[in-house]
Amino acid sequence: MQSEFTFKQGCKEGFPIFVGYFPTAMAFGLVCRDLGLRIWEAVLFSMTNFAGSGQFLAANLIGKGAIPAEIFISVLLVNLRYTFMGAELSRKLTKGIGGWQRALLAHGTTDEVFSVAVLHNQPITKYYLAGLEGIAYAGWVCGTAAGFLVGMILPSALQLAVGVTLYAMFSSLLAQEFRQKGFKVLLIAAISAILNSVLILLLHLGVGWAFVISMLAASFFGAAITDDIEEYV
Amino acid sequence: MTDHPPFMIPILLSAVATFLVRALPYYATFLDRLPSFLSKSLRLLSVAALGPLIFPGVILDYNQSWYAGLLGIAAAALFAYKRQGMIIPILLSIGVTYLALLL
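Nothing here was measured: the structure is a model prediction, and the numbers come from that model.

**Student:** I tried to follow the overall build of chain B on my own but got confused; where do I start?
**Tutor:** On a plain count of helices and strands, chain B comes out with 5 helices and 0 strands. Radius of gyration (C-alpha) of chain B: 19 Å, far over the 13 Å computed for a compact globule of 103 residues. Counting only C-alpha atoms and orienting by the principal axes, one finds that chain B spans roughly 55 × 50 × 25 Å. A burial count over chain B gives 49% of its 103 residues as buried. Considering only residue pairs separated by 6 or more positions, chain B has 33% of its internal contacts joining residues 24 or more positions apart.

Dropping the structure here:
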């Protein structure tokens, strides 16, 4: 059965991810342009990070002038879900994969790659996973460059409106999570949003630290009110 | 050219943070043995992150026209609630915010 888990098969199954990533990455390219990054910096950002919300968050923090420690910890926490996805993926992989190959495969872990790969009941090969991750990666990196270039011909009034992209992405994610998982999602997000606003506006805390504190507090609260966690993975 | 901000440091720091959480499960196995409360909290982090990723930024970024971003994300959220996908909600919110800024 393992013969079907080829590089080509991975690319084939990853193509819908490519299609989905490209426009989102374009939005990221626009955000980078807005921040004053050069095109190679935006592309390098996507190549080295390859993480949707993590990158948008880092870009936002850079824009707000956060210190490096704030950026590091915030990004680490927002991407911590990859640890759980990676744990599942590494269990599904066939044995005997070398150290540097594991590191490369780990770099390709994303929400969408994970959700496609774990659908298979049999162990998957490194070639299949490399194809799946590779095509998704191509969509993300090329989309970033395309978005940056499109930004060069966009009128300035429209560029201000494009700043909403980041928030639109997160609110869309929240709406989809709400539809799938119910009211508790909204409650947890509302608590963290209110706490974050209070910490920034009233206590004048740094954006990154406020983010970390409110995110942690809301997830502890969520864990206390949630019995069955499997549905939140 | 010399006054270009040093973007490389935050970009690479963010990359290292992302890579650490990705590589960890490929090299360590203690994750299966975390206490259940901690495990639950960690899994909820991505949901808990969405609130502070939106507020108060979406209001503060458009200081005089504070409602512009709010209208934009409301449009995006409504559309995303009805249908899968991210492209149309994002484009819609850009359109709505653009109109709100013009008015």
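**Student:** Hey, could you run me through the overall build of chain A in this one?
**Tutor:** Scanning chain A from terminus to terminus reveals 12 helices and 0 strands. Within chain A, buried positions represent 49% of all 233 residues. Sequence-distant contacts in chain A: of pairs separated by 6 or more residues, those separated by 24 or more amount to 78%.

**Student:** It is not clear to me how helix 10 (residues 165–181) of chain A should be interpreted in this structure. Could you clarify?
**Tutor:** Because each turn of an α-helix spans 3.6 residues, side chains separated by three or four positions in sequence point in the same direction. The end-to-end C-alpha separation of helix 10 of chain A is 24 Å, in line with the 24 Å expected for 17 residues at 1.5 Å each. The buried fraction of helix 10 of chain A amounts to 12 of the 17 residues, a majority that puts the element mostly inside the structure.

**Student:** Looking at this model, I keep getting lost on unusual backbone geometry. Mind explaining?
**Tutor:** The bulk of non-glycine residues show a negative phi, and the bulk of peptide bonds are trans. A cis amide bond, omega 0 degrees, links Phe55 of chain B with the succeeding residue Pro56 of chain B. In this fold, Pro56 of chain B is placed in the loop between helix 2 (36–54) and helix 3 (57–60). Its identity is not glycine, yet Phe50 of chain A carries a phi of approximately 50 degrees, on the positive side. Here Phe50 of chain A lies in the loop between helix 2 (39–49) and helix 3 (52–63). With a phi angle near 55 degrees, His204 of chain A is a residue other than glycine that sits in the positive phi range. Along the chain, His204 of chain A turns up in the loop between helix 11 (183–201) and helix 12 (207–225).

**Student:** Explanation requested: the interface of chain B and chain A in the structure shown.
**Tutor:** Reports of interface size often rely on the accessible area that becomes lost once the parts have come together. Chain B puts 57 residues into the contact, and the matching count from chain A is 83 residues. Only helix 1 (8–27), helix 2, helix 3, helix 4 (67–82) and helix 5 (87–102) of chain B provide two or more residues apiece to the side of chain B that touches chain A. A per-element tally of the side of chain B that touches chain A places helix 1 of chain B first, with 17 residues. Residue composition of the side of chain B that touches chain A, grouped by class: 43 nonpolar, 10 polar and 4 charged.

Conventions and cut-offs
Residues numbered from 1 in each chain as written. Chains lettered and ligands numbered in written order. Predicted model: local features only at pLDDT ≥ 70, side-chain atom pairs only at ≥ 80, totals over all residues. Helix = DSSP H or I, 4+ residues; strand = E, 2+ residues; numbered from the N terminus. Rg over C-alpha atoms; globule rule 2.2 N^0.38 Å. Buried ≥ 20, exposed ≤ 12 C-beta atoms within 10 Å, placed from the backbone. Contact = placed C-beta atoms within 7 Å. Expected span 1.5 Å × (residues − 1). Nonpolar A, V, L, I, M, F, W, Y, C, P; charged D, E, K, R; others polar.

By themselves these figures say nothing about function.
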